[in-house]
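# What the coordinates show
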Amino acid sequence: MRVLICDDEENIRNLMKRFLSMEGIEADAAENGLSAQRYMRENPYDALLVDLRMPGMDGLSLLKWMRDEGFRMPAIMISAHGDVSDAVAALKQGAQDYIVKPFDPEEVVIRIKGLVESQNLRNMVESGKDGGSTFIGESAEMAAIKRIIAKTAPSSATVLITGESGTGKEVVAREIHRLSSVSSGPFVAINIGGVPENLLESELFGYEKGAFTGAVQRKTGLFELAAGGTLFLDEIGDMPPALQVKILRVLQERKITRLGGTSSMPINARIVAATNKELEKQVREGKFREDLFYRLNVVRIELPPLRERKSDIPLLAAYIISKYNRIMGMRISGFTPEALEALKGHSFCGNVRELENIIERAMIFADSDVIDADDLDLRNTLDAGRSAAAPPSECLTLRDAEREAIIRSLHRWEGNRTRAAEELGISRRTLITKIQEYGIEI
Ligand SMILES: Nc1ncnc2c1ncn2[C@@H]1O[C@H](COP(=O)(O)OP(=O)(O)OP(=O)(O)O)[C@@H](O)[C@H]1O
Ligand SMILES: [Mg+2]
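Here goes a summary of the coordinates provided. Note that this is a predicted model, so its numbers are computed, not measured.

Scanning the chain from terminus to terminus reveals 19 helices and 16 strands. Its C-alpha atoms give the chain principal-axis dimensions of roughly 85 × 65 × 40 Å. For the chain, the residues scored as buried account for 44% of the 442 residues in total. The long-range fraction of contacts in the chain, counting pairs at least 24 apart against all pairs at least 6 apart in sequence, stands at 68%. Approximately 22700 Å² of the chain is accessible, and the part contributed by carbon and sulfur atoms is 50%. Across the chain, the 58 positively charged side chains and the 66 negatively charged ones have centroids separated by 6 Å.

The next point concerns the environment of phenylalanine 71. Here phenylalanine 71 shows up in the loop between helix H3 (59–69) and strand S4 (75–79). The spatial distance from the C-alpha of phenylalanine 71 to the C-alpha of tyrosine 45 is 9.3 Å, given a sequence separation of 26 residues. Once you skip the residues sitting within four places of it in the chain, phenylalanine 71 turns out to touch Met40, Arg41, Trp65 and Met66.

Right, let's get into the site of ligand 1. Surrounding ligand 1, one finds 18 residues, the nearest of these being Ile136, Ser165, Gly166, Lys169 and Glu356. The separation between a nitrogen atom of ligand 1 and a polar main-chain atom of isoleucine 136 is 2.8 Å. The separation between an oxygen atom of ligand 1 and a polar side-chain atom of asparagine 276 is 3.5 Å. Contact with the protein chains removes 87% of the 630 Å² of surface that ligand 1 exposes when unbound. For the shell around ligand 1, the elements supplying multiple residues, two or more each, are helix H7 (169–178), helix H13 (313–328) and helix H15 (351–365). Broken down by class, the residue content of the shell around ligand 1 amounts to six nonpolar, six polar and six charged. Two domains each provide a minimum of three residues to the shell around ligand 1, namely domain 2 (140–303) and domain 3 (309–380).

On to the sheet that holds strand S7 (residues 187–191), then. By way of backbone hydrogen bonds, the strands of a sheet pair with one another, either parallel or antiparallel. Pairing in this open sheet of five strands is parallel, and the strands run S7-S10-S13-S6-S14 from one edge to the other. With one partner strand each, in any of the chains shown, S7 and strand S14 (299–303) form the two edges of the open sheet. On average, each strand axis in the sheet is tilted by 15° relative to the strand beside it, whichever way the strands run. Relative to strand S6 (residues 159–163), H7 is tilted by about 155°, and along the sheet it contacts S6, S7, strand S10 (230–234), strand S13 (270–275) and S14.

Enumeration over the complete set of coordinates arrives at four aromatic pairs. A ring pair is formed by tyrosine 207 and phenylalanine 212, whose centres lie 4.8 Å apart and whose planes are at 70°; its orientation type is edge-to-face. Phenylalanine 212 sits in the partly exposed class, given a relative accessible area of 37%.

Strand S3 (residues 47–51) sits mainly inside the fold: five of its five residues count as buried. Of the two faces of S3, the one carrying Ala47, Leu49 and Asp51 and the one carrying Leu48 and Val50 are both buried. In this sheet, S3 lies alongside strand S1 (residues 2–6) in parallel orientation, the contact comprising four bridges. Each bridged residue has a counterpart across the sheet, and for valine 3 the counterpart in S3 is alanine 47. As judged from the four bridges shared by S3 and S4, these two strands associate in the parallel manner. In the strand pairing of S4, leucine 49 is matched with isoleucine 76. For the crossover from S3 across H3 to S4, the handedness is right-handed.

What counts, and where the lines are drawn
Residues numbered from 1 in each chain as written. Chains lettered and ligands numbered in written order. Predicted model: local features only at pLDDT ≥ 70, side-chain atom pairs only at ≥ 80, totals over all residues. Heavy atoms only, no water. Helix = DSSP H or I, 4+ residues; strand = E, 2+ residues; numbered from the N terminus. Buried < 20%, exposed > 50% of the residue type's maximum accessible area, 1.4 Å probe, protein only. Contact = heavy atoms within 4.5 Å. Areas by Shrake-Rupley, 256 points an atom, 1.4 Å probe, with all protein chains shown as cover. Lys, Arg positive; Asp, Glu negative; His and termini not counted. Charge placed at Lys NZ, Arg CZ, Asp CG, Glu CD. Near = heavy atom within 4 Å. Polar contact = N/O pair within 3.5 Å; in protein donor to acceptor, adjacent residues only side chain to side chain. Nonpolar A, V, L, I, M, F, W, Y, C, P; charged D, E, K, R; others polar. Domains from an automatic or database assignment. Pairing = 2+ DSSP bridges. Axes fitted to C-alpha atoms, helices over the stretch in contact; angles between N-to-C directions. Phe/Tyr/Trp six-rings, centres within 6.5 Å; stacked < 30°, edge-to-face > 60°. Right-handed = clockwise from strand over helix to strand, strands pointing away.

As structure tokens, this is what we get:
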């Protein structure tokens, strides 16, 4: 949680900063309205504590500016004794609460926390309504990422999002779109790895009637469809080399030509790309063009795996519960302390997606409206049995797990493929194919 304090009195700024930080709440302090505006443009805040009377821009004008600019965090007004009519004006201007000087700082902290909590709930409900996503995360790592998003979303810079599977790359892409200047335009997503190679080009660029056999009608490509909005190139690491050149040209010239077309047209879509592959490594191995990499890598957002930001687990878990309560019409209220501990001790190789799956399943199996450790059934997951402190490399992909299982079984049966295949529950042929595929030596 991060709070902005705006007051011309230095001792109030210092006092509130101290009390907030004792509660683990980050706080910045501005000495007047102008400086508060600057802080708010550059950082995301969960709440604002603002003095009504200040020289220069006063609290009311600041409030009005905030609402005009679309800032939606709750604001608490501080007013001097006797300023009742001003306080009323403040509430009308959208302040959620007001406090009269002299005040008890501890009580102010409690009120701030309460307001932020109810605001978070409201945000969740709203984002659920339009099917959008809420970007949850209060850890230092996620706070830093939120800051990058807030800073770059309004620009037109190309963003490259990287991170393991399930870390929330798509959530970030949508968040960038939501906070961008093109948020009223479309968010068009394409999963590069999911489209057959021979169709990819026409999906992206579109074609004119008669461009090739079967092109009976003109087709609009995704670059065009995303005009005035965002084009999300998901799994960009799977882009075939021939197409990489073409995409590079589009990004350089900001123009596209439909297949079979003669004239080019400008593209005006914000480009966001994501991949769970290590693009730098792919560049080194010659699988991904270096020039395209640099074109995409203008702003880089690297999502850390969930096991490296465990402090986000409780908040994410609460969010997931509220999401599935809504979807499944349930009334699960939360976790037992043991269940929460168990979650924090899990290594989540599948990241937030795994957390979501575990909780969804637990909600279905829970006997009461509180989820306990048994409901979570953490033994039944890929990384079960691995210690919480396991280094990241201990997280297995499905392929790793398969390879390991084969090696172990072959070892146990002293290289006898028939026996090993039987034990693994696959045919001997499949086993031999996999041995070759994984380069396993017997
Ligand atoms: N910070 C977050 N706040 C809320 N939900 C999240 C967050 N991060 C991830 N999720 C949820 O976790 C799931 C996986 O997220 P997402 O699809 O964005 O991951 P990804 O990084 O794109 O994964 P992949 O590489 O497998 O495509 C989604 O259901 C998403 O809503
Ligand atoms: Mg994804």
